[in-house]
Amino acid sequence: MHGSRECLKLHHPRGQLQESGSLQSIRAIKQRLTDLEGSKKNRLKLFGDYVPALQTEINRCAVAGEFNQKPLGPIGTFLTLRDDRWALGVEACLRTLLYSFCCHDQHDARILKRIMGRVVPPDKPQPDIVTAKFESHPYDIQAAAVQTDAFPAFLDIVAVSNPVIFNTLVDQRRVENILLIEKSQEARQFLRHTPLPNCREAFTMAGYPVYAGAEQRFYASMQREAHILRGNIDGQIRDTKKELSDKTREQEQVREELKRLQQIISENDGLRKRTQRQRSQLQDRIGGINTQVLELEGEAEGEQEASLAELDGDVWRIEDQLTTVTQKVDQLAGNFRKASNRLKKAIEQYNIIDPAIQQISNQLDPLEGEKIQASQEVEVTTQARKHYEDKKKELLTSIANLRNRLAEEAETVDAVVGSSTPPHISRPRIFLP
């Protein structure tokens, strides 16, 4: 009715994991919504709710003269998009570099690290620190930058307000060699078939990175929307609220599903217990029946053994009789074959002599008119004819005797087989020629 217990055991933990993931996602969305709403008053909250406090502490230490050069950051605060549509592509390109801070030397980096240790919550990742000497002028990238009129370069879309931040992007990300191409298919074809000097990769408007070269690599972006560089804060807040509402509704559905599964598990546990009781009762009944069967088999075993012993004796006797009869039949069959062979030879001799007698008889008939002239021949011929007729009579007598003996032998075989052979044994058939 509700499916197997094993299936429910699989779905139930899965639902719990799904609920846990949904709760984490809701907490993250709520935090982002808080940061967005706070950023309307202080843009630094887009980078984290602790960043305004971090910036305040940096300013305090700078006024106190603890830094050789005041650290700059987050880097994203110094960037402005000339086309807001590229917010996701640029954020996918820079990633955590947007949240990073720049320090002039290791001394300043160590002080900033201690400040982060005091201000950044333990459950939050600390921003990266990029250490490089601060320069007052941006790098001259004219010769090293990608040049094409087909698509905008990264620095055509992103305006950098500070030379130190500009130089950091060049050093850390080589942004002067990156193109921005709206569609991924177009980017793959262009970078594969139109290699450009100083172009190593491109980013699409959806945030997909595409690398140049014959062995081209293309990766899907894990980021689905811009969080920092998107200009319309009110729009972000509206979209985030909608996302939070969707996630909350999804969490409620997961909770309802968990509740339903728990109810099903409870019902199935009751059904399992009833089934176990029924099975135990059936096993007891089966044990009683098996005991009765064993008792009945013990009572019938003696009678069955006696009956089997009698039957075994009958079988042995029948087999002995069958062996004796078979031997007699084989002997009579051998005698029959010998008599048949002798009869066959006698018939063959008769068939040879009979034509000769017929030929002689045919020769005598025309000679009756010449009896006087051929009296001597007639006498000789008559004697010869008499001789052959006597011989013929002897052969006919021998054949008749053989036939009689053969008939007697056949009757003897019939009598023996008819009286002694079991019904299932077929006796040989004897054919008289």
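The structure under discussion appears in the preceding block.
By convention here, each chain's residues receive numbers from 1 onward along its written sequence. Confidence filtering applies because this is a predicted model: local features only for residues at pLDDT of at least 70, side-chain atom pairs given and counted only at 80 or more, and all residues used for totals across whole chains, interfaces and linings. To get the side-chain values, take all heavy atoms of the structure and skip hydrogens and water.

The secondary structure listing takes helices from DSSP runs of H or I that are at least 4 residues long and strands from runs of E that are at least 2 residues long, numbered from the N terminus. Within the secondary structure, Glu201 sits in strand E6 (residues 201–203). Should any heavy atoms of two residues lie within 4.5 Å, those residues are counted as being in contact. If sequence neighbours within four positions are ignored, Glu201 has contacts with Arg173, Asn177, Ile178, Leu179, Leu191, Val210, Tyr211 and Ala212.

On to the layout of surface pockets. Cavity and pocket criteria rest on a 1 Å grid covering protein atoms alone: a 1.4 Å probe that fits but cannot get out defines a cavity, protein on both sides within 12 Å along at least 5 of 7 lines defines an open pocket, and an atom within 4 Å of a point defines a lining residue. Grid points are joined across faces, edges and corners, and a volume is the space filled by probe spheres set on the points. Taken as a whole, the largest pocket spans an internal volume of roughly 1200 Å³. As for the largest pocket, its lining consists of 38 residues, and the residues nearest its centre are Arg95, Thr96, Tyr99, Gln223 and His227. Only helix H1 (5–39), helix H3 (87–94), E6 and strand E7 (209–211) provide two or more residues apiece to the lining of the largest pocket. Considering every element that reaches the lining of the largest pocket, the biggest residue donor is H1, with 6 residues.

With that settled, consider the pattern of salt bridges. Just to be clear on terms, a salt bridge is a Lys or Arg side-chain nitrogen sitting within 4 Å of an Asp or Glu carboxyl oxygen. Here the structure, examined in full by the defined rule, presents 10 salt bridges. Here Glu257 makes a salt bridge to Arg260, at a shortest N to O gap of 2.6 Å. Highlighted residues: Glu257 and Arg260, both in helix H8 (residues 233–364), separated by 3 residues, approximately one helical turn. The buried label goes to any residue with under 20% of its type's maximum accessible area, the exposed label to any with over 50%, and the partly exposed label to all in between, with areas taken from a 1.4 Å probe on protein chains only. Look at Glu257 and you get partly exposed, because its relative accessible area is 34%. Across the pair Asp269 and Arg272 runs a salt bridge whose closest N-O atoms are separated by 3.8 Å. In this pair, Asp269 and Arg272 are both assigned in helix H8, 3 residues apart and thus about one turn of the helix distant.

To continue, consider the sheet that holds E6. Any two strands between which DSSP finds at least two bridges are classified as paired. Pairing within the open sheet is mixed, and its 3 strands lie in the order E5-E6-E7. Bordering the open sheet on either side are strand E5 (178–180) and E7, each of which pairs with just one other strand. Averaged over neighbouring strand pairs, the angle between their axes works out to 25° when direction is ignored. Relative to E7, E6 runs antiparallel, the two sharing 3 bridges. Each residue of the ladder has a partner; that of Phe203, found in E7, is Pro209. Geometry is summarised by axes, namely lines fitted to C-alpha atoms with helices restricted to the contacting stretch, and by angles between N-to-C directions that run from 0 to 180 degrees. Lying on the sheet, helix H7 (residues 184–193) is in contact with E5, E6 and E7; it crosses E7 at an angle near 15°.

A separate point is H3. Across the 8 residues that make up H3, a large majority, 8, are buried. Every buried residue of H3 is accounted for by Ala87, Leu88, Gly89, Val90, Glu91, Ala92, Cys93 and Leu94. Buried-residue contacts for H3 involve strand E1 (79–81), helix H5 (154–157), strand E4 (158–160), helix H6 (163–173), E5 and E6. Following H3 by one or two positions, Arg95 adopts a phi angle in the positive range, close to 50°.

Our focus in this paragraph is the environment of Arg403. Take Arg403: it is sitting in helix H9 (residues 375–420). Taking the C-alpha atoms as reference, Arg403 lies 9.5 Å from Ser340; in sequence the two are 63 residues apart.

By secondary structure assignment, the location of Glu243 is in helix H8. Under the relative-accessibility criterion, Glu243 is labelled partly exposed at 27%. Separated by 213 residues in the primary sequence, Glu243 and Lys30 place their C-alpha atoms 9.8 Å from one another.

Taking burial as the measure, the 11 residues of H6 include 8 buried ones, the bulk of the element. Buried within H6 are the following residues: Val164, Ile165, Phe166, Asn167, Thr168, Leu169, Val170 and Arg173. The backbone nitrogen of Val164 has a side-chain oxygen 2.8 Å away, supplied by the residue at the start of H6, namely Asn162. Within two residues after H6, Arg174 carries a phi angle of roughly 50°, on the positive side. In protein, a polar contact means a hydrogen-donor-capable atom and an acceptor-capable atom, both N or O and within 3.5 Å, with residues adjacent in sequence counting only if both atoms are side-chain atoms; elsewhere, any N or O pair within 3.5 Å suffices.

The residue after Gly73, namely Pro74, is reached through a cis peptide bond having omega -10°. With respect to the helices and strands, the residue Pro74 is situated in the loop between helix H2 (51–63) and E1. With a phi angle near 50°, Arg95 is a residue other than glycine that sits in the positive phi range. Assignment of secondary structure puts Arg95 in the loop between H3 and strand E2 (101–103). We classify Arg95 as exposed; its relative accessible area is 61%. Here Arg174, not a glycine, exhibits a phi torsion of approximately 50°, which is positive.

Classification of ring pairs uses Phe, Tyr and Trp, with its six-membered ring standing for Trp, and accepts pairs whose centres are within 6.5 Å; under 30 degrees between planes counts as stacked, over 60 as edge-to-face, and the remaining range as tilted. Applying the stated criterion across every chain yields a total of 2 aromatic pairs. Geometrically, the ring pair formed by Phe47 and Tyr99 is edge-to-face, given 5.8 Å between the ring centres and 80° between the ring planes. Of this pair, Phe47 sits in the loop between H1 and H2 while Tyr99 sits in the loop between H3 and E2, placing them 52 residues apart in sequence. Residues Phe151 and Phe190 carry aromatic rings whose centres are separated by 4.9 Å and whose planes lie at 80° to one another, so their mutual orientation is edge-to-face. On the criterion of sequence distance, the pair formed by Phe151 in the loop between strand E3 (129–131) and H5 and Phe190 in helix H7 is long-range, its members being 39 residues apart. Across this residue pair, the class does not change: Phe151 and Phe190 are buried.

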